[in-house]
Amino acid sequence: MALQPAAAYPRPHRAPRYKLAAAIGGAILLVYLAGSVVEIVAFRDFVAIIDVAGLLLVGFFAFGTWLIIHAVDRQPEKRRLHLTRAAIVFGLALSLFLFGVNLLNANLNFVGVLLCIPTTGFALFLLRWVDYNEREPWRLVLVAAGWGAVVATTLALVFESLWSATIDAGLIPGPGQAVATAFNAALFEEVPKGLAVVLLYLVMRDEFDDVVDGIVYGAAVGLGFNFMETVVYMSVGGANQWLFRQWLGLYLGHATYTALIGAGIGAARQLRGPVRKGIAIACGFTIAVAAHFSWDAWLWYFPQPNDPALQLLSLPGMYLAMDGPFFLAVMALFLLGLRAEGRALSTQFAAEAALPDGAVLPAEVPVLSSVGRRIDARFRMLQHRGWYGYFWLRRLQRAQIDLAMERWHRARKEIDTPLEAELKLRDRVLAIRAGTKPPA
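Residues numbered from 1 in each chain as written. Predicted model: local features only at pLDDT ≥ 70, side-chain atom pairs only at ≥ 80, totals over all residues. Heavy atoms only, no water.

**Quick notes on the packing of aromatic side chains**
Applying the stated criterion across every chain yields a total of 11 aromatic pairs. Relative to F208, the ring of Y201 lies with its centre 5.7 Å away and its plane at 70 degrees, an arrangement referred to as edge-to-face. Plain terms: the ring middles of F379 and Y390 are 5.7 Å apart, the flat faces sit at 55 degrees to each other, and that makes the pair tilted. When its relative accessible area of 42% is taken as the criterion, F379 is described as partly exposed. The structure contains a cluster of three or more aromatic residues connected by ring pairs, namely F159, W163, F183 and F188. One Lys or Arg, K193, reaches over the ring of F225 and ends 5.1 Å from the middle of that ring. Cation over ring: R245 sits above Y233, and NZ or CZ is 4.0 Å from the ring centre. (Phe/Tyr/Trp six-rings, centres within 6.5 Å; stacked < 30°, edge-to-face > 60°. Buried < 20%, exposed > 50% of the residue type's maximum accessible area, 1.4 Å probe, protein only. Lys NZ or Arg CZ within 6 Å of the ring centre and 35° of its normal.)

Here's what the structure looks like:
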């Protein structure tokens, strides 16, 4: 234990990234509020009035709740628990409110919502399933998708409207205006989507490991955005929009763009120094905006035919030509990231097995190092011990992978939690192996 490297940041409960995440969240609310006020004053937009009223209402309730909890409950652990619950409740309330606003923009297209839920849900399931080394928690994947569907779409709507009414309105119709409109969509849709991945990177560092996780969370945000955009476009373009956006472009559109942002943020997770981290994140945003811009610019220069049959013939080729290269780049980064994770985990499994009180047995190292062997071991356990044995072994393997991932980050000094976090993970593995209730 004396050879274990210390934490990269010795005061995890006061890490600067928490303050940065809070500042970003507050800035988002202020910018959104300012944009809505401008729309009310300049354009008398009724939806913007609803937005402002809802934000103020939820903000006052959240602040009042925080004051009550802070005044009544002086125990830090209980205060944190109640604040977390209050944040979840009000976050859900705000999300439902903004979702209702988006439905107003979609002319209350409930049919589109029902049609898009299965396809988007399956896409999220498949996205999480291919991350076989350490699958991300469903709660964070759904939070990412929800941000894309509710927050990012609302922010994009406000600022795209402001751009159209100011910049685009002052340009002469033609190529220049087409380029400005394409840049408008690319910038004001990718930045709000990317902020969700940035916040996950800052707040949920333990669940954000590398490029692989960045791509998963980025694609989840993009799928959520694509969900709501499909509902809106179906309200004016009909069922063809569902076919194009929920099948042909399900992974080739917004999911690919925001996955590029996530890849940049995932690379920053394992780089040292704020300058290198900033460059990696900026590169992710830049290439995502460029990819989105190329798609929208193509649409403006070469508009699609009105005939649905001709659209079915032209759009697949367009998706492959414009978004295909960026999708292949994301897939290459994802596969390389999985290979790097696999090699690192194998090394850490072997190192853990070499300890006298390690949580991994030497015979388990080759099994844990291969996803195929892990699955085979679970089904063998199913044959001999039934479903209880299957789920027991799955829980044990996941706890061992969590421990190995913690060891990997600590060896690279990429973690800011104290050494006790690793000890607790080891105790959890040993508790599962012994059949007792694992510690929280």
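**A look at the side chain of T256**
Within the secondary structure layout, T256 lies in helix α9 (residues 254-269). Each residue touching T256, except ones within four places of it in the same chain, is listed here: Y251, F326, F327 and V330. (Helix = DSSP H or I, 4+ residues; strand = E, 2+ residues; numbered from the N terminus. Contact = heavy atoms within 4.5 Å.)

**A few points about the pattern of salt bridges**
Close approach of charged atoms allows side chains of opposite charge to pair. Within this structure, the stated rule accounts for 7 salt bridges. For R245, the salt bridge goes to E229, with nearest N and O atoms at 2.9 Å. Residue R245 is found in helix α8 (residues 239-248), and its partner E229 is found in helix α7 (residues 211-237); the two are separated by 16 residues along the sequence. Take R245: its relative accessible area is 18%, and that puts it in the buried class. The class of E229 is buried, set by a relative accessible area of 11%. Among the salt bridges present, the one from R407 reaches E352, with a minimum N-O distance of 3.0 Å. Linking R407 in helix α13 (residues 371-411) with E352 in helix α11 (residues 308-353), this pair joins segments that are 55 residues apart in sequence. The exposure class of R407 is buried, given its relative accessible area of 10%. (Salt bridge = Lys/Arg side-chain N within 4 Å of Asp/Glu carboxyl O.)

**With respect to the confidence of the model for the chain**
Summary statistics for the chain give a mean pLDDT of 79 and a share of 76% for residues scoring 70 or more. The low-confidence segment residues 4-13 (pLDDT under 50) makes 26 contacts with residues lying over four places distant or belonging to another chain. (pLDDT = per-residue confidence, 0-100.)

**Focus: the packing of helix α6 (residues 175-203) against α7**
Following both chains from N to C, one finds α6 and α7 inclined at 140 degrees, their axes separated by 10 Å at the closest point. On the basis of their axis angle, the class for α6 and α7 is oblique. Note on packing geometry: the crossing formed by α6 with α7 is right-handed. Contact with α6, carried on its side by E189, K193, A196, V197 and L200, involves G214, Y217, G218, V221, G222, F225 and E229 of α7 and no other residues of that element. Residue composition of the contact of α6 with α7, grouped by class: 6 nonpolar, 3 polar and 3 charged. (Axes fitted to C-alpha atoms, helices over the stretch in contact; angles between N-to-C directions. Parallel < 35°, antiparallel > 145°, perpendicular 65-115°, else oblique. Left-handed = near helix turned anticlockwise from the far one by under 90°. Nonpolar A, V, L, I, M, F, W, Y, C, P; charged D, E, K, R; others polar.)

**Description of the environment of V231**
Inspection of the secondary structure assignment puts V231 in helix α7. According to the relative accessible area criterion, V231 is buried, its value standing at 0%. Sequence separation of V231 and N107 is 124 residues, and the distance between their C-alpha atoms is 9.4 Å.

**A closer look at the side chain of H254**
Note on placement: H254 falls in helix α9. In terms of polar contacts, H254 uses its side chain to reach the side chain of K193, at 2.9 Å. (Polar contact = N/O pair within 3.5 Å; in protein donor to acceptor, adjacent residues only side chain to side chain.)

**Some details on a nonpolar patch on the surface**
Among the surface-exposed residues, F122, F125, W129, W138 and L142 lie close enough to one another that they form a single nonpolar patch of about 570 Å² accessible area. Elements with a contribution of two residues or more to the nonpolar patch: α4 (110-129) and α5 (138-166). Sorting elements by how many residues they give to the nonpolar patch places α4 first, with 3 residues. Checked against the element boundaries, F125 lands in helix α4. Exposure remark for F125: the relative accessible area of 45% places this residue in the partly exposed category. (Patch = residues over 30% accessible without salt bridge, like charges linked within 9 Å, V, L, I, M, F, W, Y side chains within 5 Å. Areas by Shrake-Rupley, 256 points an atom, 1.4 Å probe, with all protein chains shown as cover.)

**Observations concerning the nonpolar core**
One finds W147, F208, I215, Y217, L223, I265 and W295 to be the most contacted residues of the largest nonpolar core, which totals 59 residues. Those elements giving two or more residues to this core turn out to be α1 (16-43), α4, α5, α6, α7, α9, α10 (274-301) and α11. Residue contributions to this core peak at 11 residues, all from α5. Built from parts of two domains, this core gets at least three residues from each of domain 1 (21-98) and domain 2 (109-345). Not counting residues up to four positions away in its chain, the partners in contact with F208 are V197, L200, Y201, D213, G214, Y217, I265, G266 and R269. (Core = buried A, V, L, I, M, F, W, Y, C linked by side-chain atoms within 4.5 Å. Domains from an automatic or database assignment.)

**Describing the environment of V130**
Position of V130 among the secondary structure elements: in the loop between α4 and α5. Since its relative accessible area comes to 29%, V130 is described here as partly exposed. Distance in space between the C-alpha atoms of V130 and F334 is 9.7 Å, their sequence separation being 204 residues. Setting aside residues no more than four positions away along its own chain, V130 makes contact with F334 and L338.

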